[in-house]
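Survey of secondary and tertiary structure
The lines below spell out each chain.
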Amino acid sequence: MGRRSLPTLLDEIRACRVCETALPLGPRPVLAAHRSARVLIAGQAPGKRVHESGVAWRDPSGDRLRGWLGLDDETFYDSRRVALVPMGFCYPGTGSGGDLPPRPECAETWHGRLLPLLAAVRLTVVIGRYAQAYHLGDRAGPGVTETVANWRRFAPAVIPLPHPSPRNQRWLVRNPWFEKELVPVLRRAVRAALA
């Protein structure tokens, strides 16, 4: 695939209707990527607010994530520097415990074509169970806590994170090592990747 194939592929993804009938608010693929991006943020799926705005991580989870990364809005939303590629590109709906898992069709249909085009990526930040399972495979632990606690196994090229949702406040309280130990390392890794 040549240099011009990434914009074409992004247009195809944004026009995707593969799982349209399963989406409560209809399709609205949300992602951002450029062949020069040095950091890949691999999240779960857009929430309702992101679906409405069409801007990835434009919600309280994104505010917290940008704080963890040490990035301002301008840098975070510069797709030439940071690629935002969730496991599911559309809002999957809500279940009893929060948002539903990302639709599997996105990874099956698009990730194999998209991710190889992001050859300049130096750091991949994998957020939540579904992204960790996809990007880490057998190396992921049995749950998010185990995977994130073993971040040294994956660094410096990959850093796993819990989801930055306000719903995870209890997790952060129970795991104070995360913000004390891992967040400073994450910020250094982001700075190094973008340098």
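In what follows, the accompanying structure is described. (Residues numbered from 1 in each chain as written. Predicted model: local features only at pLDDT ≥ 70, side-chain atom pairs only at ≥ 80, totals over all residues. Heavy atoms only, no water.)

Attention shifts here to the sheet that holds strand E6 (residues 158-161). In space, the four strands of this open sheet follow the order E2-E1-E5-E6, with parallel pairing throughout. Every interior strand has two partners, whereas the edge strands, strand E2 (82-84) and E6, have only one. Each neighbouring strand pair of the sheet contributes to a mean axis angle of 15°, computed without reference to strand direction. Judged from the four bridges that link them, strand E5 (residues 123-127) and E6 form a sheet pairing that is parallel. What sits directly across from Thr-124, in E6, is Val-158. Sheet strands touched by helix H6 (residues 128-136): strand E1 (39-42), E5 and E6. Its angle to E5, the strand with the most contacts, is close to 135°. (Pairing = 2+ DSSP bridges. Helix = DSSP H or I, 4+ residues; strand = E, 2+ residues; numbered from the N terminus. Axes fitted to C-alpha atoms, helices over the stretch in contact; angles between N-to-C directions. Contact = heavy atoms within 4.5 Å.)

Quick look at the packing of helix H3 (residues 60-69) against helix H9 (residues 177-194) now. Running from N to C, H3 and H9 cross one another at 75°; their axes reach a closest spacing of 7 Å. Comparing their axes, H9 and H3 come out roughly perpendicular. The residues of H9 that touch H3, namely those facing Gly-67, Trp-68 and Leu-69, are Phe-178, Glu-179, Val-183, Leu-186, Arg-187 and Val-190. Residue classes in the contact of H3 with H9 are distributed as six nonpolar, one polar and two charged. (Parallel < 35°, antiparallel > 145°, perpendicular 65-115°, else oblique. Nonpolar A, V, L, I, M, F, W, Y, C, P; charged D, E, K, R; others polar.)

Attention now moves to the nonpolar core. Ranked by size, the top nonpolar core spans 32 residues in total, and within it Ile-41, Leu-65, Leu-69, Val-125, Leu-161 and Phe-178 carry the most contacts. Residue assignment for this core shows that the elements contributing at least two residues are E1, H3, E2, E5, E6, helix H8 (169-174) and H9. For this core, the element with the most residues is H9, which contributes nine residues. Other than its neighbours up to four places away in sequence, Leu-69 contacts Ile-41, Phe-76, Val-125, Leu-186, Arg-187 and Val-190. Formed by 18 residues, the second largest nonpolar core is a distinct cluster that contains Leu-6, Leu-10, Leu-40 and Cys-106. (Core = buried A, V, L, I, M, F, W, Y, C linked by side-chain atoms within 4.5 Å. Buried < 20%, exposed > 50% of the residue type's maximum accessible area, 1.4 Å probe, protein only.)

Pairing between side chains becomes possible if they bear opposite charge and their charged atoms approach one another. Evaluation of the coordinates by the stated rule reveals seven salt bridges. With a closest N to O distance of 2.7 Å, Arg-66 and Asp-63 form a salt bridge. On the criterion of helical spacing, the pair formed by Arg-66 and Asp-63 is a turn pair, its members being three residues apart in helix H3. A relative accessible area of 4% places Arg-66 in the buried class. With a shortest N-O distance of 2.9 Å, Arg-66 and Asp-73 are connected by a salt bridge. When salt bridges that share partners are traced, they join Arg-58, Asp-63, Arg-66 and Asp-73 into one network. (Salt bridge = Lys/Arg side-chain N within 4 Å of Asp/Glu carboxyl O.)

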